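# Results of the structural survey
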Amino acid sequence: MRQRADIPRGDQIMTTATRLRGSPLRTQLIVAFTAISMMATAICTITLTSLAAQRTQTTLRERSIRIAARLQVQLQSVVASGDRLAARELFDAYAGDRELDGIAVYADNGDLIEGRGMRPQQFRSTGTPFASDSNHVIAVADITSREGQKGRLYTSYSTKLIDATQHRDSWIAAGIGTGVMAFSLLLALQISRRITRRLVSIANAAGRMAAGDLSIPPLEERANDEIGALTRAFNTMVSELNRLSMEHERLVTTERARLEALVSERTQDLEQSREKARRATQAKSDFLASMSHEIRTPMNGIIGTLDVLNQSSLLGPQLELVNLIRESADSLLTIIDDILDFSKIEAGRLDIERLPLSVAQVVEKSCNLINRLAERKGGILTVFADPTIP
């Protein structure tokens, strides 16, 4: 079985205080009022009991000394004569005093002359007129008769009256304390209910405001205290937030309208610019197509004429020149086809074809076009194409 470790009392107090700080405000107020009322009750009980005990003990002392002073005079003849009967008659006069539990008169040698109740058999004077122990209040008085004989008087009062008074006062203080505690508890409940109810309303409104809900009705300002000031400040804050929210909505609406108008204007400008660009592109494509067709027509005539010359009886150099012109015309037609391809690319109608190509023929034709230029400059153009090139 696991044994619970002993927690130091200081740590227990700190833990309890920490838990109390984390408890609701109403609980803290009730605990505070209860603690204050308990302390007040304890202080009142101790104070009342101590005052009552001191008052009762003082009363017993005064009574004991007063009776001892009275008997000190009355017992002078008893001390002189040793008359026990006279002493007994004097003592009988105090039989109704319930707190007087011991009384005796002694001769000078300490022998008892007469006594009743609690008293020593022999008594020597202590030299003090008053003494006490834990259960009695004792008065001692020396007696000297007219003839010069000496004696001693002993009186003892029981402190049971003090104990009874303390017990009674304790019950009275406990009753008063219970009433004070009950009243304090009711007062704490009432005050805490009023305080927490107002604070809870503020907390709930603050929670709604934190969630983004600013449609909070003004809180009721029922008192001119600190919570009332807090309520007024909260209402002012909510009002200011609503004003700022409305101003923000107005600014946002104005800015949104301005941006929408600007976007619409820019969109129209872009549409117009795009339309202009499309028209320009279309005009360029149309121009290139028309120009290509216009150029292709005379080129076809030239190529046809060259074909006719090629079939006539031409000499070797003339035939070579006709072939060169034909290759140049074919190259020009290829360039015209490329221009048409650019126009098709801009129009989005270009179709890519996969056709066989002889690299050697392309290189040879390119060299034939510039061979005449090389001969004019006195140069020799030599071309070699690797037959392994596809």
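Fair warning: this is a prediction, and the values are worked out from it, not measured in the lab. (Residues numbered from 1 in each chain as written. Predicted model: local features only at pLDDT ≥ 70, side-chain atom pairs only at ≥ 80, totals over all residues. Heavy atoms only, no water.)

### Overview of the overall build of the protein
A count of helices and strands for the protein gives eight helices and five strands. Put simply, the protein runs from its N terminus to its C terminus through helices and strands in the order α-α-α-α-β-β-β-β-β-α-α-α-α. Looking at the protein as a whole, 22% of its 390 residues qualify as buried. Summarising the internal contacts of the protein: among those between residues at least 6 apart in sequence, 60% fall at separations of at least 24. Accessible area of the protein: about 27400 Å², with a carbon and sulfur share of 59%. (Helix = DSSP H or I, 4+ residues; strand = E, 2+ residues; numbered from the N terminus. Buried < 20%, exposed > 50% of the residue type's maximum accessible area, 1.4 Å probe, protein only. Contact = heavy atoms within 4.5 Å. Areas by Shrake-Rupley, 256 points an atom, 1.4 Å probe, with all protein chains shown as cover.)

### Some words on the layout of surface pockets
Its volume calculated, the largest pocket comes out at about 320 Å³. Considering the residues around the largest pocket, the lining is formed by 12 residues, among which Thr 334, Leu 357, Gln 361, Val 362 and Lys 365 are closest to the centre. Taken together, the elements giving at least two residues each to the lining of the largest pocket come down to α7 (316–347) and α8 (359–376). Here the element with the most residues in the lining of the largest pocket is α8; it accounts for five residues. (1 Å grid on protein atoms, 1.4 Å probe; cavity = no way out; pocket = protein on both sides within 12 Å on 5 of 7 lines; lining within 4 Å. Points joined across faces, edges and corners; volume = space filled by probe spheres on them.)

### Focus: the nonpolar core
By size, the foremost hydrophobic cluster in this structure holds 20 residues, and its most contacted members are Leu 71, Leu 75, Phe 91, Val 105 and Leu 153. Elements with a minimum of two residues in this core: α2 (25–74), α3 (76–81), α4 (84–92), β1 (100–107), β4 (136–144) and β5 (150–158). Residues within four places of Phe 91 in sequence aside, it is in contact with Leu 71, Leu 75, Ile 103, Ala 104, Val 105, Glu 114, Gly 115 and Arg 116. Counting eight residues, the second-largest nonpolar core is a separate cluster that includes Ile 202, Ala 205, Ile 216 and Phe 234. (Core = buried A, V, L, I, M, F, W, Y, C linked by side-chain atoms within 4.5 Å.)

### What to know about the pattern of salt bridges
Enumeration according to the criterion identifies 10 salt bridges in this entry. Between Glu 240 and Arg 243 there is a salt bridge, and its shortest N-O distance comes to 2.4 Å. Here Arg 243 and Glu 240 lie together in helix α6 (residues 226–311), a separation of three residues that amounts to about one turn. When the shortest N-O distance is used, the salt bridge between Arg 258 and Glu 255 registers 2.4 Å. On the criterion of helical spacing, the pair formed by Arg 258 and Glu 255 is a turn pair, its members being three residues apart in helix α6. Classification of Arg 258 by relative accessible area gives partly exposed; the value is 46%. (Salt bridge = Lys/Arg side-chain N within 4 Å of Asp/Glu carboxyl O.)

### Focus: the pairing of β5
With eight of nine residues buried, β5 is to be regarded as a mostly interior element. Note: β1 against β5, seven bridges, orientation antiparallel. Bridge assignment links Leu 100 to a residue of β5, and that residue is Tyr 157. For β4 and β5, the ladder comprises nine bridges, and the chain directions are antiparallel. Bridge assignment links His 136 to a residue of β5, and that residue is Ser 158. With antiparallel pairing between neighbouring strands as the criterion, β4 and β5 make up a hairpin whose turn holds five residues, including Gly 148 at a positive phi of roughly 105 degrees. (Pairing = 2+ DSSP bridges.)

### Overview of the side chain of Thr 155
Checked against the element boundaries, Thr 155 lands in strand β5. Overall, the relative accessible area of 0% leaves Thr 155 in the buried class. What Thr 155 contacts, discounting residues up to four positions off in sequence, is Ser 64, Ala 68, Leu 100, Gly 102, Ile 103, Val 137, Ile 138 and Ala 139.

### With respect to a nonpolar patch on the surface
A surface patch of nonpolar side chains, amounting to about 520 Å² of accessible area, comprises Val 359, Val 363, Ile 370, Leu 373, Leu 381, Val 383 and Ile 389. Within the element layout of this structure, Val 363 appears in helix α8. Relative accessible area serves as the criterion here: at 31%, Val 363 is assigned to the partly exposed category. (Patch = residues over 30% accessible without salt bridge, like charges linked within 9 Å, V, L, I, M, F, W, Y side chains within 5 Å.)

### Side note on the environment of Glu 220
When you line up the elements, Glu 220 lands in the loop between α5 (160–210) and α6. Take Glu 220: its relative accessible area is 60%, and that puts it in the exposed class. For the pair Glu 220 and Asn 235, spaced 15 residues apart in sequence, the C-alpha to C-alpha distance is 9.1 Å.

### Digging into α6
Taking 1.5 Å of rise per residue, 86 residues should cover 128 Å, and α6 covers 120 Å from first to last C-alpha, within 8% of that figure. All buried positions along α6 are accounted for by Ile 227, Gly 228, Thr 231, Phe 234, Asn 235, Val 238, Ser 285, Leu 288, Ser 292, Met 299, Ile 303 and Leu 306. (Expected span 1.5 Å × (residues − 1).)

### Examining the environment of Gly 177
Along the chain, Gly 177 falls in helix α5. Since its relative accessible area comes to 2%, Gly 177 is described here as buried. Separated by 139 residues in sequence, Gly 177 and Met 38 have C-alpha atoms that sit 7.4 Å apart.

### Looking at the side chain of Ser 145
The residue Ser 145 is located in the loop between β4 and β5 in this model. A distance of 2.7 Å separates the side chain of Ser 145 from the side chain of Gln 149, its partner in a polar contact. If near-sequence neighbours (up to four positions away) are discounted, Ser 145 is found in contact with Gln 76 and Ala 80. (Polar contact = N/O pair within 3.5 Å; in protein donor to acceptor, adjacent residues only side chain to side chain.)

### Regarding the pairing of β1
For β1, the tally of buried residues reaches six of eight residues, placing the bulk of the element in the interior. Across five bridges, the pairing between β1 and strand β2 (residues 112–117) is antiparallel. Bridge pairing in β2 places Gly 102 opposite Gly 117. Here β1 folds back onto β2 in antiparallel fashion, the turn holding four residues, of which Gly 110 has a positive phi close to 100 degrees.

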